[in-house]
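Chains, contacts and geometry: an overview
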Amino acid sequence: MIPASLIPLPTNADIARRVERIELPWNRHGVDPFGIDRAELARLYTLLGFFYHRYFDVKVYGAHNVPPRGRAMLVGNHSGGWALDAVMVIASAFFDLEPPRLAQGMAEKFMQRMPFLAWFTSRIGQFTGLPENAVRLLEEDRLVLVFPEGARGTAKLYRDRDSLVGFGTGFVRLALQTGAPIVPFAFVGGGEAIPTVVNLYKLGRMIGIPYVPVTPWGAAIPLPVTLQILYGAPIVLEGNPHDTDDVIIKHVDRVKARIAALIVQARELRDGKRREAELDLS
Amino acid sequence: MRVLVTGIAGALGREVATRLVARGHEVVGVDVRPWYHPPDGVRVVQADIRKRPAEDVFRTMRPEGLVHMATVTHLTHRSRERFRINLGGTQAVFDHCNAYGVEQAVFVGRHTYYGAGPDSALYHTEAEPPMAVHAFPELSDLVAADLYAGSALWRYPVIDTSVLRLCYTLGPLRQGTLAAFLRGPRVPTILGFDPLFHFIHEFDAADAIVLALERRLRGVYNVSGPPPVPLSVIVRETGRTSIPLPAALVRPLLGRFGLPKLPPGALEHVKYPIVIDSTAFRRATGFVHAYDEDATMSAFRGRPGDPV
């Protein structure tokens, strides 16, 4: 991500006005109690707007399934060699929801160690994926974005692009603890945008990131392809957040199966085997 | 109430003493530093809290309340001496409290207890352990003093002990860790990092300490004022200029070219935030801060033309 705090990126006036409509408790400096900065968000969304509306062909289905207010967790699959999916879902929550919402991702720990990336991600509300952070954000009725596959998910190679690797269980415990509904979503097209052929783990360790994805053209610069986001109907889980893993895993599998079904539909839509009217997002 | 205040000659100690007298308490202070003209009603004994004359104050005065603020927090102080004052002093004070029948003891600790790091959460709660002692061993005496003071709750259960973890103070007195960091017109920052800083107006901090004493607070509590503010905003609003330096460059430069001589662990506190949740304290005491972040920063900045 480009450190907007360093480069004076332009701010689109319409987008800045839309940022004002995000329902967060801003202070006089346009900063919320978590340090999220309205001016930085306006820069971010101006930049993302170009990629979201012009560079990629992003198709969003079922945006009405994301609650307009109150706590919720967006839970989906990773697709593409780096978190392009997260960036596009953040853009989608801003451009496609009414009122616009800030989706707050649960980021990898390395991001807070990198100069500028630490700065920028802190100002746009993308915090380290700690349970304490997630609980606090959900209790403040915010929209939290979770990829239960973690870094294993972004490391998927091209041939595995629409598969799901192992899910963590933390997100289910968070949902049970805070009573937040889970909005499952599928993200398809990331694998086509960034077709990873190999991941360089040693090089990544040397520069302080999990790995460096390599595409047929070298750097992981995404192609301007079609990306699809399918939001499914919210799932409200019931149970004890402190249950043993064998109980929690049943909830995890339920959410995972829902996401897998959404991926299949997105794939069929992409391949022309299904029409939009035939989508089942319930 | 008869109240003994250790560390009374410090900027915050004086504020606390003045408030206690105004609210009708009898105040005696102990400090190695002098306070030449204390207000009427405040008696100051110049002594080291670990020595006999300090114990004599407990013996003769028989205080009902104690506010322990005699901890050294600035990092330039020689660390072995610091360790002795902070731990030995805290031990002596609580032993005297037990021996001479103090009913309410307030230990004023620091929110830096929680430590700063890339993987620490925003808004720490009181149950969390100190996570960054390994990265910043120079703070270990303050962390140990905090935990030792907390142990008085079970060692001396008849004393109502409260341990306050106070965030940075800022305001017209211009004393304390954050004020020292912002002292000059140019503030060194770490290139590419802009952490949130959590601060409270000095007067609000003094009010909170008095409140803890009067409400007979028992337990460990975070104390903070308004929501935290990014360092860049603090630098801008206090009329300073930030000098961003790459982290790799700052380490060898510490102590040279006018930069403060800080241990390397202190850099983490300029890179990462320490933000605390003070809900429990507010609920237990009804505390409401009077100064918001803007009033606090402008009080620190002073009038235009004031010496920086």
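One numbering rule holds for all chains: residues counted from 1, following each sequence as written. For this description, chains carry letters from A and ligands carry numbers from 1, given in the order in which they are written. Where totals are concerned, whole chains, interfaces and linings use all residues; where local detail is concerned, this predicted model gives features only for residues with pLDDT of at least 70, and gives and counts side-chain atom pairs only at 80 or more.

**Focus on the overall build of chain A**
Secondary structure elements follow DSSP: runs of H or I no shorter than four residues count as helices, runs of E no shorter than two count as strands, and numbering proceeds from the N terminus. Summing up its helical and strand segments, chain A has 10 helices and 9 strands in all. Between the two quantities, the radius of gyration covers C-alpha atoms and the globule rule is 2.2 Å times the number of residues to the power 0.38. Relative to its length of 282 residues, chain A is compact, with a C-alpha radius of gyration of 18 Å against a globular reference of 19 Å. By its C-alpha atoms, chain A is 45 × 45 × 40 Å across when sized along the principal axes. Three exposure classes are used, based on other C-beta atoms lying within 10 Å of a residue's own C-beta, which is placed from the backbone: buried for 20 or more, exposed for 12 or fewer, and partly exposed in between. Each of the 282 residues in chain A was classed as buried or not, and the buried ones make up 46%. Restricting the contact set of chain A to residue pairs at least 6 apart, pairs at least 24 apart contribute 77%. We call two residues in contact when the distance between their C-beta atoms, placed using the backbone, is within 7 Å.

**What to know about the sheet that holds strand 9 (residues 226-231) of chain A**
Residues and elements named next belong to chain A. Here, strands pair whenever DSSP counts at least two bridges between them. Overall, mixed pairing links the 7 strands, which are arranged 1-9-6-2-5-3-4 in an open sheet. At either end of the open sheet lies a strand with only one pairing partner, and these are strand 1 (57-61) and strand 4 (127-128). Relative to strand 5 (residues 143-146), strand 3 (residues 103-107) is paired through 3 bridges, and the arrangement is parallel. Bridge pairing links Gln104 to Val144 in strand 5. Contacts between helix 7 (residues 170-178) and the sheet are confined to strand 2 (72-76), strand 5 and strand 6 (182-188), with strand 2 contributing the most and set at about 160° to the helix. The axes are straight lines fitted to the C-alpha atoms, using for helices just the contacting stretch, and the angles between their N-to-C directions are given from 0 to 180°. Along the sheet, helix 10 (residues 245-270) contacts strand 2, strand 6 and strand 9; its crossing angle with strand 6, the most-contacted strand, is approximately 35°.

**Overview of the interface of chain B and chain A**
Contacts between chain B and chain A engage 17 residues on the former and 21 residues on the latter. Secondary-structure elements contributing two or more residues to the side of chain B that touches chain A are strand 12 (229-230) and helix 11 (293-301) of chain B. Its residues placed into classes, the side of chain B that touches chain A shows 12 nonpolar, 1 polar and 4 charged. Lys, Arg, Asp and Glu make up the charged group, whereas Ala, Val, Leu, Ile, Met, Phe, Trp, Tyr, Cys and Pro make up the nonpolar group; the residues left over, Gly among them, are polar.

**A look at the pairing of strand 9 of chain A**
Residues and elements named next belong to chain A. Taken across its 6 residues, strand 9 has 5 buried, putting it largely inside the fold. Relative to strand 9, strand 1 runs parallel, the two being bridged by 5 bridges. Bridging from a neighbouring strand, Tyr61 pairs with Leu230 of strand 9. Note that strand 6 and strand 9 share 4 bridges and pair antiparallel. In the strand pairing of strand 9, Val188 is matched with Gln228.

**Some details on the packing of helix 1 (residues 13-20) of chain A against helix 2 (residues 38-55) of chain A**
Residues and elements named next belong to chain A. Two elements in contact, helix 1 and helix 2, have axes whose closest approach is 9 Å; the angle formed by their N-to-C orientations is 130°. In this view, helix 1 runs oblique relative to helix 2, as classed from their interaxial angle. Judged by the twist between their axes, the crossing of helix 1 over helix 2 is right-handed. The segment helix 1 lies against helix 2, with Ile15, Ala16 and Val19 engaging Arg38, Leu41, Ala42, Tyr45, Thr46 and Gly49. Class assignment for the residues of the contact of helix 1 with helix 2 results in 6 nonpolar, 2 polar and 1 charged. We call two directions roughly parallel when the angle between them is under 35 degrees, roughly antiparallel when it is over 145, roughly perpendicular when it lies between 65 and 115, and oblique otherwise. Definitions for this section: a left-handed crossing has its near helix turned counterclockwise from the far helix by less than a right angle. A right-handed crossing has that turn clockwise.

**A word on helix 2 (residues 52-61) of chain B**
Residues three or four positions apart in an α-helix share a direction because the helix packs 3.6 residues into each turn. All names here are of chain B. Taken together, the buried positions of helix 2 are occupied by Ala54, Val57 and Phe58. The buried residues of helix 2 occupy an angular sector of 95° when the element is viewed end-on, so they sit on one face. Helix 2 presents Arg52, Pro53, Asp56, Arg59 and Thr60 as exposed residues on the side facing more than 90 degrees away from its buried surface. Where helix 2 ends, the next residue or the one after it, Arg62, has phi of about 50°, a positive value. The directions from the helix axis to the C-beta atoms are what the arc is built from.

**What about the packing of helix 2 of chain A against helix 3 (residues 84-95) of chain A?**
Two measures define how a pair of helices packs: the angle their axes make with one another and the distance between the axes. Residues and elements named next belong to chain A. One can describe the packing of helix 2 onto helix 3 by two numbers: an axis separation of 10 Å at closest approach and a directional angle of 100°. Here helix 2 lies roughly perpendicular to helix 3, going by the angle between them. Across the interface between the two elements, Tyr45, Leu48 and Tyr52 from helix 2 touch Val87, Met88, Ala91, Phe94 and Phe95 from helix 3. Taken together, the residues of the contact of helix 2 with helix 3 break down into 8 nonpolar, no polar and no charged.

**A word on the pairing of strand 2 (residues 26-31) of chain B**
All names here are of chain B. Relative to strand 2, strand 1 (residues 2-6) runs parallel, the two sharing 5 bridges. Across the sheet, residue Val3 finds its bridge partner in strand 2, namely Val27. Crossover connection from strand 1 via helix 1 (residues 11-22) to parallel strand 2: handedness right-handed. Examined bridge by bridge, strand 2 and strand 3 (residues 42-46) share 5 bridges and lie parallel to one another. Note on handedness: a clockwise path from strand one over the helix to strand two, with the strands aimed away from the viewer, defines a right-handed crossover.

**Topic: the confidence of the model for chain B**
Confidence per residue, as judged by the predictor, is encoded in pLDDT with a range of 0 to 100. On average, residues of chain B score 90 in pLDDT, and 94% of them are at 70 or above. Taken over the whole predicted complex, pTM reads 0.89, whereas the ipTM for its chain interfaces reads 0.85.

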